[in-house]
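The chain contents come next:
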Amino acid sequence: MDDRQRYDRATAALEPPFAVVDLAALRANAADLVRRAAGKPIRVASKSIRSRPLLERILAMGGFRGVMAYTLPEALWLARNGLTDILVAYPTADRQALAALAGDTRAAAEITVTVDSAAHLDHIEAAVSEVRPRAELRLCLDLDAAFVAFGRRAGALRSPIREPHEAAELAAAIAKRPGLRLAGLLAYEAQIAGVGDAPPSNAARARLIRVMQSLSARELIVRRGRVVNAVRQLADLEFVNGGGTGSVDLTTREKAVTELAAGSGFFHPRLFDFYRRFTGRPAALFALPVVRRPAAGTVTVLGGGYLASGPVGPARAPQPYLPAGLRYAPEEGAGEVQTPLLGQAAQDLRIGDRVWFRHAKAGELCEHFDALHLIDGDTVTESVPTYRGEGRTFL
Ligand SMILES: Cc1ncc(COP(=O)(O)O)c(C=O)c1O
């Protein structure tokens, strides 16, 4: 039985649109991440999962430790539901959530919030001053891990802190403020972890990416090491987090890094097909029903316009995956309520048949569905709620 037959059979009782996770693929992807991390623990990026029960399942597999959350309200919700060791990896300006954190000793022991400037410290202090904080707040210093050369920059625009003296200055400022404690350091090299080094049919671009990534890795190993040394003079760092799905095998080699992060690698969405060092298995899919056949060689499915965030372009559209050989109509793309699909494979599709898609990214898929149906072999063994299915939309 091929994957399409297996998925069709497992979900025969469900009416599309719906989303599924192939557990065998998920387990294989998780095991490969653990292998590539070579002994260091991986913090699980919740933005790429967005389902509490699935997050818990992944954390129960060996090799993973802690959650990398994306908002403080999310982290508070996870902590109150029993998850532990949660790093909010993006700064928060949410005064109410900061006040709630400071007033909740148990949550404050499990949650670390990210800062990159004295302005963040001021904001946090102002937010918690209104509640007479009961708990010390754990902070993580975010370091800019981008590559800068020849007046150009590759990588995410995150922290303004790049150099050891800048990090030391912020660490010293934290040490002076009662109620705040520096517990960790974070440096995410998006230009390596999130940029495939084997872009399709573009050899010149591939060469450029590989040169940039290798220079960047060499620069970062030195700078990250120096920054961590400088900060360790001033604070007892419990963790130094780095990397992402595309780089765990490289980042783990750095002595200064104590743990990795990964999220996308579990679902292995479309954008992660273009790396040389690993190949994952598509684990999260959504099914849309064929609702009409407007012309020969064309079918139309319901919905489909689940576009991914990031620089706008065709790479952000979902991939029509099974049956293979379907493509978008250029003038319509993936539509809001209907999506025409062209190609040889359309000939054999009838009203009510399913077309299986992959999202370009990982967790954003879950903002469109209440549940993920978990497929083991050719059966749905369980259906678990997404964040949205639990009535939670954090972003
Ligand atoms: C701080 C941080 N670490 C790691 C990652 C890597 O996540 P993924 O494994 O999904 O590429 C991200 C993704 O944006 C991130 O923001």
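Nothing here was measured: the structure is a model prediction, and the numbers come from that model.

Enquirer: Hey, could you run me through the nonpolar core in this one?
Expert: Core analysis: the biggest nonpolar cluster contains 96 residues, and Leu72, Ile111, Phe266 and Phe267 have the highest contact counts within it. Those residues in contact with leucine 72 that lie beyond four places of it in its chain are Val88, Thr92, Ala97, Leu98, Leu101, Ile111 and Val113. Residues Ala10, Phe18, Leu285 and Ile375 belong to the second largest nonpolar core, which totals 10 residues.

Enquirer: Whenever I open this one, the UniProt feature "domain: Alanine racemase N-terminal" (unreviewed entry) in the protein confuses me. Can you help?
Expert: As recorded in UniProt, the sites labelled "domain: Alanine racemase N-terminal" (unreviewed entry) are residues 21-218. The span residues 21-218 is 46% helical and 20% strand by assignment, and the distance between its end C-alpha atoms comes to 37 Å.

Enquirer: Please explain the pattern of salt bridges as it appears in this structure.
Expert: Proximity of charged atoms lets side chains of opposite charge pair with each other. If you walk through the whole model with that rule in mind, you get 32 salt bridges. For glutamate 219, the salt bridge identified is with arginine 162, shortest N-O distance 3.7 Å. Of this pair, glutamate 219 sits in helix H10 (residues 203-232) while arginine 162 sits in the loop between strand E8 (152-154) and helix H8 (164-175), and the two are 57 residues apart along the sequence. Glutamate 219 sits in the partly exposed class, given a relative accessible area of 24%. The closest approach of N and O atoms between arginine 276 and aspartate 197, which form a salt bridge, is 3.2 Å.

Enquirer: Mind showing me how you'd approach the site of the ligand here?
Expert: Around the ligand sit 15 residues, and of these Lys47, Tyr90, Thr245, Gly263 and Ser264 come closest. Here tyrosine 90 contributes a side-chain N or O atom positioned 2.5 Å from an oxygen atom of the ligand. Residue arginine 158 places a side-chain N or O atom 3.3 Å away from an oxygen atom belonging to the ligand. Considered on its own, the ligand offers 390 Å² of accessible surface; in the complex 93% of this is hidden by protein. When grouped by side-chain class, the residues that make up the shell around the ligand number seven nonpolar, six polar and two charged.

Enquirer: I'm lost on the pairing of strand E1 (residues 18-22) in this one. Help?
Expert: Working note: regular strand, side chains alternate between the two faces of the sheet. Taken across its five residues, E1 has five buried, putting it largely inside the fold. Every second residue of E1 is oriented toward a common face, with Phe18, Val20 and Asp22 on one face and Ala19 and Val21 on the other, all of them buried. By the bridge criterion, four bridges tie E1 to strand E12 (residues 284-295) in an arrangement that is antiparallel. Bridging from a neighbouring strand, valine 20 pairs with leucine 285 of E12.

Enquirer: Would you take a moment to explain the pairing of strand E17 (residues 354-358) for this structure?
Expert: By the criterion of burial, E17 is predominantly enclosed, with five of the five residues buried. Neither face of E17 is left uncovered, since the one carrying Arg354, Trp356 and Arg358 and the one carrying Val355 and Phe357 both have all their residues buried. Pairing analysis gives four bridges linking E12 to E17, with the strands arranged antiparallel. Bridging from a neighbouring strand, phenylalanine 286 pairs with phenylalanine 357 of E17. The pairing of strand E14 (residues 319-322) with E17 spans three bridges and is classified as antiparallel. What sits directly across from proline 320, in E17, is phenylalanine 357.

Enquirer: How should the side chain of histidine 373 be read in this particular structure?
Expert: As for its placement among the helices and strands, histidine 373 is situated in strand E18 (residues 371-376). Take histidine 373: its relative accessible area is 12%, and that puts it in the buried class. Of the polar contacts made by the side chain of histidine 373, one reaches the side chain of serine 383; its length is 2.6 Å. In this view, histidine 373 contacts Leu14, Phe18, Ala19, Val20, Val21, Val380, Glu382 and Ser383; residues no more than four positions away in its chain are not counted.

Enquirer: Is there a simple way to explain helix H2 (residues 23-37) in this structure?
Expert: Look at H2: 21 Å from first C-alpha to last across 15 residues, which is about the 21 Å you get at 1.5 Å a residue. At the N-terminal end of H2, a side-chain oxygen is found 3.2 Å from the backbone nitrogen of alanine 24, two or three residues along, and the residue is aspartate 22. Looking one or two residues past H2, alanine 38 carries a phi angle of roughly 50°, positive in sign.

Enquirer: I'm lost on the sheet that holds strand E9 (residues 180-187) in this one. Help?
Expert: Adjacent strands of a sheet form backbone hydrogen bonds with each other and so pair up, either parallel or antiparallel. Reading around the circumference, E2-E3-E4-E5-E6-E9-E10-E11 is the order of the eight strands in this closed barrel, with parallel pairing throughout. For this sheet, the mean angle separating the axes of adjacent strands, direction not counted, is 30°. Where strand E2 (residues 42-45) meets strand E3 (residues 64-69), three bridges bridge the pair, whose relative direction is parallel. Each bridged residue has a counterpart across the sheet, and for alanine 45 the counterpart in E3 is methionine 68. The strands touched by H10 within the sheet are E9 and strand E10 (239-242), with E9 carrying the most contacts at an inclination of about 170°.

Conventions adopted
- Residues numbered from 1 in each chain as written.
- Predicted model: local features only at pLDDT ≥ 70, side-chain atom pairs only at ≥ 80, totals over all residues.
- Heavy atoms only, no water.
- Core = buried A, V, L, I, M, F, W, Y, C linked by side-chain atoms within 4.5 Å.
- Buried < 20%, exposed > 50% of the residue type's maximum accessible area, 1.4 Å probe, protein only.
- Contact = heavy atoms within 4.5 Å.
- UniProt positions renumbered as here; feature names shortened; annotations may be inferred.
- Helix = DSSP H or I, 4+ residues; strand = E, 2+ residues; numbered from the N terminus.
- Salt bridge = Lys/Arg side-chain N within 4 Å of Asp/Glu carboxyl O.
- Near = heavy atom within 4 Å.
- Polar contact = N/O pair within 3.5 Å; in protein donor to acceptor, adjacent residues only side chain to side chain.
- Areas by Shrake-Rupley, 256 points an atom, 1.4 Å probe, with all protein chains shown as cover.
- Nonpolar A, V, L, I, M, F, W, Y, C, P; charged D, E, K, R; others polar.
- Pairing = 2+ DSSP bridges.
- Expected span 1.5 Å × (residues − 1).
- Axes fitted to C-alpha atoms, helices over the stretch in contact; angles between N-to-C directions.

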